[in-house]
Amino acid sequence: MKLIWGIFKRDMCHATRNVIAVIVSMGLVVVPALYAWFNIAASWDPYGNTKALKVAVANNDKGYKSDLVPVRINVGETIISTLRANDQLDWQFVNSDKAIDGVESGEYYAAIVIPKSFSADMMTLFSPDIKHAQLKYYLNEKINPIAPHITDQGATTVVNTIDKTFAKTIAQVGLDLASNILRYSQSPQMAEYMRNLDDNLTTVADTLTGASQQVTSYSQLLGSANDIVDSTGRLLSSATKAGRQARNALKQGKSGATSITSAGASVTSSVNTALNQVSDAFDQVAAKVNKAFDALGTDSTTAANQLKELSEQISSGESLYDTYITSLKHMRASVEQLPDGDAAKQALLDAIDREIALLEAAKGDTQKLAQELKDASTQVTQSAAAAEHSRKEILGRIASAKQSITDVRDDYTTNVKPKIDALASTVSTLISQTDGMITQLNGTADDLDDVTSGVGSNVASIQSTLGAIAKKLDSSAATVKELITKLDAGDSDSVSDSGESDELRALTTANASTLSTLISAPVALHRVAVYPIANYGSAMAPFYTILSIWVGAIILCAMLKVTISDREKAHVLGLGDALPRIAGPSRPGNASRWGLRLDHEYFGRYAIFALLALLQGTLVCLGDMYFLGVQANHALQFLAVGWLAALVFSNIVYTLTVSFGDIGKAVAVVLLVMQVAGSGGTFPIETLPKFFQLLYPFLPFPHAIDAMHAAMAGSYGNEYLLDMVYLALFLIPSLLLGLVLRKPVIRLNTWVSRNLESTKVM
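Draft legend 1. Region of the structure containing the pattern of salt bridges. Throughout the structure, instances matching the rule amount to six salt bridges. In this structure, Asp599 and Arg597 form a salt bridge, with 3.2 Å as the shortest nitrogen-oxygen distance. The exposure class assigned to Arg597 is partly exposed, which follows from its relative accessible area of 43%.

Draft legend 2. Region of interest: empty space enclosed by the protein. Evaluation of the coordinates by the stated rule reveals two cavities of 30 Å³ or more. In this model, the largest cavity occupies a volume close to 50 Å³. Around the largest cavity sit Val562, Thr563, Ile564, Pro588, Leu598, Glu601, Tyr602, Tyr654, Val658 and Arg742, which together line it. At the level of secondary structure, the elements contributing two or more residues to the lining of the largest cavity comprise helix 16 (598-628) and helix 17 (635-660). Among the elements that line the lining of the largest cavity, the one with the most residues is helix 16, at three residues. Residues that form the lining of the largest cavity fall into these classes: seven nonpolar, one polar and two charged.

Draft legend 3. Looking closely at the layout of surface pockets. Taken as a whole, the largest pocket holds about 620 Å³ of empty space. Contributing to the lining of the largest pocket are 30 residues, with Thr563, Gly661, Asn749, Ser753 and Glu757 lying nearest its centre. Those elements that place two or more of their residues in the lining of the largest pocket are helix 14 (536-559), helix 17, helix 18 (662-678) and helix 23 (746-758). Here the lining of the largest pocket gets seven residues from one element, more than from any other, and that element is helix 23. Here the lining of the largest pocket is composed, by residue class, of 15 nonpolar, nine polar and six charged.

Draft legend 4. A look at a nonpolar patch on the surface. A grouping of Val19, Ile20, Ile23, Val24 and Met559 is seen on the molecular surface, where their side chains present a nonpolar patch of about 490 Å² in accessible area. In terms of residue count, helix 2 (residues 19-42) provides more of the nonpolar patch than any other element does, four residues in total. Positionally, Val24 belongs in helix 2. A relative accessible area of 36% places Val24 in the partly exposed class.

Draft legend 5. Structural view of the side chain of Ser25. The residue Ser25 is located in helix 2 in this model. Classification of Ser25 as buried rests on a relative accessible area of 18%. Within the structure, Ser25 has its side chain in polar contact with the backbone oxygen of Ala21 (distance 2.8 Å). Discounting chain neighbours no more than four positions away, the residues touching Ser25 are Ala15 and Leu612.

Draft legend 6. Just helix 18, in detail. The end-to-end C-alpha distance of helix 18 is 24 Å, a good match for the 24 Å that 17 residues give at a rise of 1.5 Å each. If you follow the buried residues of helix 18, they end up packed against helix 14, helix 17, helix 19 (690-695) and helix 20 (700-713). Phi turns positive one or two residues past the end of helix 18, at Gly680, with a value near 75°.

Thresholds applied
- Residues numbered from 1 in each chain as written.
- Predicted model: local features only at pLDDT ≥ 70, side-chain atom pairs only at ≥ 80, totals over all residues.
- Heavy atoms only, no water.
- Salt bridge = Lys/Arg side-chain N within 4 Å of Asp/Glu carboxyl O.
- Buried < 20%, exposed > 50% of the residue type's maximum accessible area, 1.4 Å probe, protein only.
- 1 Å grid on protein atoms, 1.4 Å probe; cavity = no way out; pocket = protein on both sides within 12 Å on 5 of 7 lines; lining within 4 Å.
- Points joined across faces, edges and corners; volume = space filled by probe spheres on them.
- Helix = DSSP H or I, 4+ residues; strand = E, 2+ residues; numbered from the N terminus.
- Nonpolar A, V, L, I, M, F, W, Y, C, P; charged D, E, K, R; others polar.
- Patch = residues over 30% accessible without salt bridge, like charges linked within 9 Å, V, L, I, M, F, W, Y side chains within 5 Å.
- Areas by Shrake-Rupley, 256 points an atom, 1.4 Å probe, with all protein chains shown as cover.
- Polar contact = N/O pair within 3.5 Å; in protein donor to acceptor, adjacent residues only side chain to side chain.
- Contact = heavy atoms within 4.5 Å.
- Expected span 1.5 Å × (residues − 1).

If you want it as structure tokens, here you go:
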């Protein structure tokens, strides 16, 4: 201990030998405190000094007005008015182009642009198509890492203010409306309205009951209609069957018309041919008669025979008339089969009857001619005068018979044949049209058959639906009657419910603004601080204080020598100005044979480091509490954390430096950087990457910061003591390295230092 004290005394003498040394020593104590104080003061209340942050606001809102809300509403103007009274940020009210350009140029940290349809979108709350009203928020994130979060908070405040204002306005309108309704409900007009309502509801109930009865009647009527539809279906089936029979009849009629046409054509051809032959035959008969009468004077027998032959020939030709008459009668029978309504039918029948009569007359003339020829053949012996008379009569009869035949032919050609042709054409056309009509009738009947079958099923479905409707109408009528009963009961109980009415009246007559504020924000956040911290600067003070103590330890090792020269060792040992030559080259432990061991050198030189570190910790902690006003509920505990941290940090940095030289100083800086990021002093350790979360318990910073927090705001159980113990435990590995583990690397460290010095740069 004497040797350690001797080293410390000589170090103190050297440190106070002149003014420069004293100033440097004082600087070593003050600089870490300045580092902590500047950072704590800068972060004392950063969110309370945001009034200088410029945020642009541009209002493009066109407002809103509708039949539902007859008063013009402009939420954008309300926002502008609210922000003019807000001093959280430096609000700049400009147009949208300047706001956006200002954010891009860096003139403004952020910009809020209210779109044209903002009010209209807000009022879609009362429509089926609800739209979410949006503010456009422009943010320049490159200017400052913290400013965007501050302006974000400002934008969020604007949005929350809009929401609360809107909800408050709607609630206030609702309360005013309720108050007006309550006052109106007590008025005579309301009583009259209730009486009218009761009468109207009674009428509605009666109407619904009547409608139910009507619907039931419709259902029964549809049942009857369903029977009619079935009958119609059967009738259509009969009509279809009759149509088929009519088609068959038309086919027969068409066949008859065809037979009439063909028969008429055949008869016409036969009649014309036969009548021409008969006419020619009468000419031949006339010639033969003249020839026979001319032969009377020479050969009466021959003449008589010729006349007799002519009589027989003419008699044999009478059958031809019968054939023609029979053909005409057949034609007449065919014509009679045609419909009676046709006027051409009777005209044709009359023409055929006239033709038969002419043929009958011609046949009579022919018979008379044959008789006269027969009589003439027996009277060939008569006188010449009588014979000549017979000749004239016979020739006259021949001319008359020939004329009858000609009349028959001409009348047939002129009257009968055209009527037969016209009638056949008309009948054919009529039959074709009737056939088409029957075809359409059959198709229509088939379609109607499908319809009637579908109507039958549909009518049954409609009957079921109407039954359900009748039940619904009865139910609605019952509901309306129940409502009437309740309204009547409500009027009679109005006196007994006066207490509730008074409560409702008290609610509606209260301060509408207060109630609307309550409705717009029914839940208020009541902050209950556990271990409260006065301000943001106090909250950050432990981090910056502990950080400055570590920085102070690095500065000490950078400014003070960690090794003892041989001359100092000789003076401490009382050996003069130098160690004997047998001590060898200058290095730690080379004076151990005279009693100055390695641990004596370690603690002897560390004593001044510890003293200056304690002064650093004391100054920075006292300055925090009494210069900056950092909260410290337990001032002595606060100082104790600073002292312990100064001893632990200075010992760690001193040990690294004394063991590894300049490399140890670099390791101390690396440890500083790691602890700044992974100590949890600024951000919760849970928000940091996994590497820092694993490293967190093995760093001294977290325990020192937690102990200082406990000293400032209060400790939960033995939290403070445990953190102090954990912090003190870091001295064990540090002393182990400085006293035991550094011995094997002394020569290596000496060799590294010698090579670095040989570079003339390091």
